[in-house]
Amino acid sequence: MKWLEANIVVIIWSVIFGEVIGYVGQSLEQMPYKPMQLGVTMAIVALIAVNGIALLARSDKKSAKN
């Protein structure tokens, strides 16, 4: 259950930060702002990054014991 809660928190914060960074970037680059597309993309990237780092750290611990 802890893993699920951690991933939900990651999704929420990545969407918030992605929307803020996307809004500022849109203003600087004069590009169209697509909030739903940006939020989903940031959530997917954050989940891959966080879970990938956790998987790498877990496999590193296993190899260090041998």
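See the structure printed just above.
Summarised in this report is the structure supplied together with it. (Residues numbered from 1 in each chain as written. Predicted model: local features only at pLDDT ≥ 70, side-chain atom pairs only at ≥ 80, totals over all residues. Heavy atoms only, no water.)

Structural notes on the overall build of the protein chain
On a plain count of helices and strands, the protein chain comes out with 2 helices and 0 strands. Across the 66 residues in the protein chain, those meeting the buried criterion constitute 14%. Of the roughly 5500 Å² of accessible surface on the protein chain, 74% is carried by carbon and sulfur atoms. (Helix = DSSP H or I, 4+ residues; strand = E, 2+ residues; numbered from the N terminus. Buried < 20%, exposed > 50% of the residue type's maximum accessible area, 1.4 Å probe, protein only. Areas by Shrake-Rupley, 256 points an atom, 1.4 Å probe, with all protein chains shown as cover.)

Observations concerning the packing of aromatic side chains
According to the stated counting rule, one finds 2 aromatic pairs in the structure shown. On the numbers, 5.7 Å between centres and 80° between planes, the contact of Tyr-23 with Tyr-33 is edge-to-face. Residue Tyr-23 is found in helix H1 (residues 2–29), and its partner Tyr-33 is found in the loop between H1 and helix H2 (35–65); the two are separated by 10 residues along the sequence. By relative accessible area, which is 49% here, Tyr-23 ends up partly exposed. (Phe/Tyr/Trp six-rings, centres within 6.5 Å; stacked < 30°, edge-to-face > 60°.)

Examining unusual backbone geometry
The backbone phi angle of Gln-30 is positive, close to 60°, even though this residue is not glycine. With respect to the helices and strands, Gln-30 occurs in the loop between H1 and H2.

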